[in-house]
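As a plain string of letters, each chain reads:
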Protein chains: 2
Amino acid sequence: MTQSLTLHKDLRQNHRKLTRARQAVLAIVTDAQRHLTPAEIYRKAKIKYPHLGLTTVYRTLDLLAELGYIQRVHAVEGCHSYAPTAQTHGHHLVCATCGRAEEFTDCDLESLIQSLQVRTGFEINVHMLELMGRCPDCRAPARARKRKTPRGKA
Amino acid sequence: MTQSLTLHKDLRQNHRKLTRARQAVLAIVTDAQRHLTPAEIYRKAKIKYPHLGLTTVYRTLDLLAELGYIQRVHAVEGCHSYAPTAQTHGHHLVCATCGRAEEFTDCDLESLIQSLQVRTGFEINVHMLELMGRCPDCRAPARARKRKTPRGKA
DNA sequence: GCGTAATTGAAAATCATTTTCATTTAGAAA
DNA sequence: TTTCTAAATGAAAATGATTTTCAATTACGC
Ligand SMILES: [Mn+2]
Ligand SMILES: [Mn+2]
Ligand SMILES: [Zn+2]
Ligand SMILES: [Zn+2]
């Protein structure tokens, strides 16, 4: 079943409608190879559906995240970009240089969470894990350049 | 050595000054039992040092985070609160109800990171991990009441 | 097709953060 | 001490992101 059809079903269950705006926004985030900010999503989706408004993009991102079709991405600098959800319970590995986001699902925090629950008395029910670094593409040129670059401060 | 003295030394090394504003902001974040937003920090610090300006709070939070005295906290809903740093490389366990933040240091992500590096070709150099739930104090009254809302998944 | 609740987009409002700039201050040097 | 100056400050304005409002439009169950 196509993603759009699944979405249609999910929406119907909540008395909500499948609109052109929603389809456009979902398509942009889903097809992106990187996490995108609301403004970026607006710009791209507007090409496919020029009537679209920014307000609707914000509302749609909230909705799609609630339904689990996309995920909010937090980074050390800069919050609230969005990336597609491949599976439930995914985390992101984000390239700090180009923004490319890779999803992974084997976060394996169970034993850490279990021991922290015991130690602190907290009940832990949500976790946020994000890894940042440089993707293979962005590493290559940097490695080549590194040799030539004279010493200096950042 | 007191924290304020350590800070004085750190600042001096960078040709920076220990000001009343900086002392006030650091004291508020350090003594807090919960993570605080810039606006909250401003309100509280202004009581101790009424001349303080909000602009300075923002600048000071950046500075103290850079120096490692405090840490930015991201949460699923709401970003950019600040909590004190107990040790370097700490993570936070935050109570979703009252905001109380517990720091922990044994995140133990090395093997996950190592295997992801191999699998994806990314070079991973930063990670963000935050756990959310309910602290012992906030659990007690909730447990007494009948729970109607199922907990969400991470 | 009709009726209606849900959705939309433009504009305005709100809220968080940053920039600007004239003034003040910390602290090193005299 | 007093002097000197780079660093820091705070008020106000500017910027940017997000939310609210509201009249008009649209999806879709009937
Ligand atoms: Mn996980
Ligand atoms: Mn964040
Ligand atoms: Zn990259
Ligand atoms: Zn609590």
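What you are looking at is a predicted structure, and each value in this text was computed from that prediction instead of being measured.

## Here we look at the relation of the copies chain A and chain B
Note on the copies: chain A fits chain B at an RMSD of 0.2 Å, the axial shift is 0.0 Å, and the rotation between them is 179 degrees. Here the two chains are linked by the operation of a two-fold rotation axis. Scanning chain A for the C-alpha nearest the rotation axis identifies Leu129 of chain A, at a separation of 2.2 Å. Mapped onto chain B, 97% of the interface residues of chain A are again interface residues, and the two copies thus contact each other with one and the same surface.

## Side note on the protein's contact with DNA strand D
Taken together, 21 residues are adjacent to DNA strand D, and Tyr58 of chain A together with Thr19, Arg22, Thr56 and Arg59 of chain B come closest. Atoms of DNA strand D within 4 Å of the protein belong to the sugar or the phosphate in 65% of instances, the rest to bases. Between DNA strand D and Leu18 of chain A there is a distance of 2.9 Å, counted from a phosphate oxygen to a backbone nitrogen or oxygen. Side-chain polar atom of Arg59 of chain B to a base nitrogen of DNA strand D: 2.5 Å apart, as the coordinates give it.

## Brief notes about the environment of Arg134 of chain B
Residue and element names in this part refer to chain B. Take Arg134: it is sitting in strand E5 (residues 123–134). On the basis of relative accessibility, which here comes to 12%, the residue Arg134 falls in the buried class. With 44 residues separating them in the primary sequence, Arg134 and Gly90 have C-alpha atoms 19 Å apart.

## Considering the interface of chain A and chain B
Every contact between the two is made by 38 residues of chain A and, on the other side, 42 residues of chain B. At the boundary of chain A with chain B, the tally comes to 6 salt bridges. Run the count over chain A and chain B and you get 12 residue pairs in polar contact (both at pLDDT 80 or more). Residue assignment for the side of chain A that touches chain B shows that the elements contributing at least two residues are strand E3 (91–95), strand E4 (101–104), helix H5 (110–120), strand E5 (123–134) and helix H6 (136–148) of chain A.

## Looking at the protein's contact with DNA strand C
Contacts to DNA strand C come from 23 residues, most closely from Thr19, Arg22, Thr56 and Arg59 of chain A together with Tyr58 of chain B. Residue Thr19 of chain A places a side-chain N or O atom 2.6 Å away from a phosphate oxygen belonging to DNA strand C. Measuring from a base nitrogen of DNA strand C, one finds a side-chain N or O atom of Thr55 of chain A at 3.5 Å. Elements supplying a minimum of two residues to the surface near DNA strand C: helix H2 (20–31) and helix H4 (54–67) of chain A together with helix H1 (3–13) and helix H4 (54–67) of chain B. A breakdown of the residues in the surface near DNA strand C according to their chemical character gives 7 nonpolar, 9 polar and 7 charged.

Rules of the game
- Residues numbered from 1 in each chain as written.
- Chains lettered and ligands numbered in written order.
- Predicted model: local features only at pLDDT ≥ 70, side-chain atom pairs only at ≥ 80, totals over all residues.
- Heavy atoms only, no water.
- Least-squares fit on C-alpha atoms with pLDDT ≥ 70 in both.
- Contact = heavy atoms within 4.5 Å.
- Near = heavy atom within 4 Å.
- Polar contact = N/O pair within 3.5 Å; in protein donor to acceptor, adjacent residues only side chain to side chain.
- Helix = DSSP H or I, 4+ residues; strand = E, 2+ residues; numbered from the N terminus.
- Buried < 20%, exposed > 50% of the residue type's maximum accessible area, 1.4 Å probe, protein only.
- Salt bridge = Lys/Arg side-chain N within 4 Å of Asp/Glu carboxyl O.
- Nonpolar A, V, L, I, M, F, W, Y, C, P; charged D, E, K, R; others polar.

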